[in-house]
Each structure stands twice: as structure tokens, then as C-alpha cells.
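Breakdown of the fold
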Amino acid sequence: MEGKISKTTLDSSYDLTRSGSWILWAMLCIFINLQIGGGIWGSTLLLGWIILLWVINDLRYGGTKIWVALLVIISLTTLAAAGLLWNTGKELRIYEEMGKILLLALGTLALKDSSKKTFQCLTYWIPIGMAALAIVTYLSGTGNTYDPLRFNLYNIASANSSAYAVVISLLMAHFSWDNTHSQLKKFTMTAVILVLLITLMATFSRGGLLQYIAGILAFTERKKIFLVALFCATLGILVFVPNIAESFATVGMLWDLQSLQENARIGIWTSLIGDLTTNPWNLLVGFGPGSINVRAINVFLPVQMQNSAHSLYIEIFYSFGIIGIAVLLYWLWKTLRRIIRSTVTDSWRKLRLGIFSALAVGGLFDSYIFAAQLLWLSCIMLAILEKRYTQETEITGL
């Protein structure tokens with residue numbers, strides 16, 4: 001019997017006997033993501049479990065990839081130690097911040113080796129899980145526990161972090177919509193997209209909105225659908241959000257407060273860069289992760305110390321100096337070049353370009369990628385960007 005080669009489609013990947021464990025893992029990361037303490041969340045343990053399984057599996061086949069992981073650990077630790085060498089700060093959070101960086105790197109390496117079907121499964125079910133979480137949060141009345149003026153997912157903390165998770169989920173939903181021929185799945189993804197759009201707008205996160213706009217440009221042929229979805233999301237807010245008039249009355253105040261926060265960001269960036277320029281050694285290697293402790297200006301409390309640069313680029317620059325920011329910019333350039341050079345027929349090209357755009361733009365205003373409660377999602381995002389092969393085939397008998 002002669003066989004034929006056919007492309008693996010998205011619809012052929014949802015066999016629960018093969019994907020059920022990944023669906024369960026993703027749902028646990030979304031719904032059981034409770035803070036344990038010491039910067040550890042439920043999803044942190046679940047990500048650690050994936051890394052452990054990856055290490056065990058690699059050791060069974062000679063442990064060749066473990067050496068790459070060790071090289072990453074040694075390089076990051078050496079650079080961090082160099083920055084801390086002359087750092088006299090007393091408010092260091094080296095173990096917490098270094099732990100997040102190592103988990104992000106190792107988690108990406110572990111997930112990058114997953115099959116294409118695994119990523120197809122995750123990009124379909126994560127948006128569904130996030131949309132369900134948004135509905136549960138709204139119905140339970142816990143959507144404004146962090147900021148009374150803005151909506152946030154109850155186990156993701158701030159509205160800005162929630163917007164980051166929603167944006168990545170939205171891009172995954174657009175990708176799943178594009179790559180399925182099942183009308184039921186298209187209808188499901190359309191409903192999910194509408195819920196997530198309403199959630200994104202309810203966060204009032206300008207950074208999240210910019211991320212989404214930058215990412216959605218990768219799906220340019222769907223402009224009309226995007227505009228219709230945006231209209232429906234706005235209509236949904238008007239219909240389902242109680243006291244909508246009072247809510248819109250606070251929007252002006254919210255923008256004013258966020259404008260002050262933007263001024264605070266500029267003050268933080270200026271202060272951190274000024275610290276770097278006082279010592280040539282720290283300018284080269286930084287002050288080490290967890291060393292940011294700067295007084296924010298133009299904010300609402302008389303004294304407010306910040307332990308985040310509120311910019312991925314500034315945070316890397318301050319923590320790892322010129323060496324660190326050079327590595328980041330080189331990786332961004334190399335990743336973008338690889339995406340652009342991928343074939344037009346590559347179904348993952350749009351998602352990669354969308355995620356890259358959201359990451360590059362979002363990194364200007366915050367370091368969402370290092371959020372402890374979302375490390376698992378950041379690892380999936382980076383693994384998709386780092387996935388080298390783009391076309392999988394399977395043999396099917398006639």
C-alpha cells in the first residue's frame with residue numbers, strides 16, 4: 001500500500017489521549033495559580049515539573065541538552081556575580097530575581113523541544129482557559145481587588161499583568177481561528193476572542209492595548225473581523241458592565257493618574273541610567289538582578305520605592321549592563337530576521353510575528369515577561385519564537 005505525505009493540520013492535533021496532559025497542565029497554570037510565598041506561585045511549581053521531566057528525559061538519551069542548560073546557568077550566574085561584586089545595596093532580591101530568570105531560560109529550553117502538536121494544543125486551549133478565568137473573575141466580583149478602577153484577573157494580580165496575559169491569549173486565539181476548518185472551533189474561538197477583548201478593554205491598560213495593536217498587525221488580512229470584534233466588545237461592555245456611566249466617569253481620572261505614572265517611569269529610567277554611568281564596571285556588567293530599589297517621583301504616595309524598572313530594556317540594562325542589553329538586542333534582531341525569512345506558507349509565521357511585536361513593544365513600558373505568576377506563559381511564548389522547524393509531515397496510508 002502506497003503512502004502519501006500530508007501536512008499536519010490543527011484539527012488533527014486534538015486527540016485527548018495525546019494532548020490531555022498538556023490541557024490539564026495549562027488549566028492548572030491558569031486556575032490554580034495561587035501565591036505560595038517567597039515569590040513562588042502554583043504555576044512556578046508546574047513549570048518546574050516540566051523542566052524536571054525534560055532533564056530526566058534528556059538524561060535517558062545521553063544528556064546532550066543538559067550541557068546547554070548548564071552553560072546558560074553558568075553564564076547568567078557569572079554575569080550576575082560580576083554585577084554584584086561592587087554592589088553595596090542592602091535591598092537586594094538576588095535569589096528571587098535570579099530564580100525567575102533561570103526558570104524563564106530553562107523553561108523555554110524545555111518547552112522548545114515539545115512537538116508541534118503540543119503547541120497547537122496549547123494555543124487552542126490557553127485562550128479558552130483565560131476567557132473562562134475572566135468570566136469566573138467577573139461573576140465572583142473579584143476583578144477589582146488590586147485596583148478599584150481597573151479590572152484584573154484575580155490570580156494574576158495587577159491590571160497590566162492581566163492585560164499581558166490576555167494579549168498573548170488573544171494572539172493565540174487569532175492563530176487558532178486561522179488554522180482550523182471546523183466551524184464549531186471557529187465559533188468557539190470567535191466567542192473567546194470577544195470575551196478576551198472585553199477583558200482587555202476593562203483593564204484600561206494602555207500598554208496592553210499597544211501590545212495587542214502591534215501583535216494584531218501580523219494578521220492584517222483580518223482587519224474587518226478585528227473591527228467587528230472591537231465593536232462587539234465595546235457593545236458587550238455597555239450591556240454587561242453594571243453602572244457603566246459611573247465607570248466611564250472615572251476613565252478621565254484614570255488617564256490622569258496613568259499620565260502621572262508615565263512621568264514616574266521616566267523618573268525611574270533616568271535615575272537607573274544615572275546610577276549606571278557613575279561606575280564603568282557597572283556600566284559594563286550592571287548591578288546584578290534584584291538590585292533595583294529606586295524612589296519613584298510624581299506618584300500618589302509621598303514615598304514609594306520601586307523594585308522594577310517598568311521597562312524590559314532598562315531592567316536588563318541595569319541588571320546586566322552593556323553586555324546584557326547587547327545580548328537582548330542581538331536576540332531580538334536574530335529572531336525577527338528568522339521570522340521574516342520564514343516561508344509565507346508557514347502557518348506559524350503570523351503568530352511568531354505577532355508575539356514578537358507584542359514582546360518588543362510591551363518591553364518598552366514594563367517587564368511583564370519576568371512576572372513570577374506568568375513565567376509559564378512567557379516560557380511558552382519564547383518557545384514558540386525559538387521553535388526552529390516550521391513544517392511537520394506525517395505518513396498516512398491510502
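Below or above, wherever it landed, is the structure these notes cover. All of these numbers come straight from a predicted model, not from anything done at the bench.

All chains considered together, the criterion is met by eight aromatic pairs. With a centroid separation of 5.4 Å and 80° between ring planes, the pair formed by Y124 and W125 is classed as edge-to-face. Classification of W125 as partly exposed rests on a relative accessible area of 26%. Look at Y330 and W333: their rings are 6.0 Å apart centre to centre, the planes differ by 40°, and that puts the pair in the tilted class. With Y330 and W333 both in helix α13 (residues 312-341) and three residues apart, the pair spans about one turn of that helix. Exposure remark for W333: the relative accessible area of 46% places this residue in the partly exposed category. Clustering of aromatic rings is evident, with ring pairs tying together W22, W25 and W376. The lysine or arginine in question, K186, covers the ring of W177, its NZ or CZ lying 3.8 Å from the ring centre.

Here we come to the environment of F175. Looking at the secondary structure, you find F175 in helix α6 (residues 159-178). Exposure remark for F175: the relative accessible area of 2% places this residue in the buried category. For the pair formed by F175 and K350, sequence separation is 175 residues and the distance between their alpha carbons is 7.5 Å. With residues near it in sequence (within four places) discarded, F175 still touches T123, F219, S347, W348 and L351.

Okay, the nonpolar core next. Of all hydrophobic cores here, the largest spans 101 residues; its most connected members are W25, I126, M130, I369, W376 and I380. The dominant element in this core, judged by the number of residues it contributes, is α6, at twelve residues. Contact partners of I369, with chain neighbours within four places excluded, come to L104, Y164, L312, L359, L375, S378, M381 and L382.

This next bit is on the environment of V361. Relative to the helices and strands, V361 is located in helix α14 (residues 349-365). Along the backbone, V361 and Q211 are 150 residues apart, and their C-alpha atoms lie at a distance of 5.9 Å. Setting aside residues up to four positions removed in sequence, V361 forms contacts with L210, Q211 and A214.

The rules behind these values
Residues numbered from 1 in each chain as written. Predicted model: local features only at pLDDT ≥ 70, side-chain atom pairs only at ≥ 80, totals over all residues. Heavy atoms only, no water. Phe/Tyr/Trp six-rings, centres within 6.5 Å; stacked < 30°, edge-to-face > 60°. Buried < 20%, exposed > 50% of the residue type's maximum accessible area, 1.4 Å probe, protein only. Helix = DSSP H or I, 4+ residues; strand = E, 2+ residues; numbered from the N terminus. Lys NZ or Arg CZ within 6 Å of the ring centre and 35° of its normal. Contact = heavy atoms within 4.5 Å. Core = buried A, V, L, I, M, F, W, Y, C linked by side-chain atoms within 4.5 Å.

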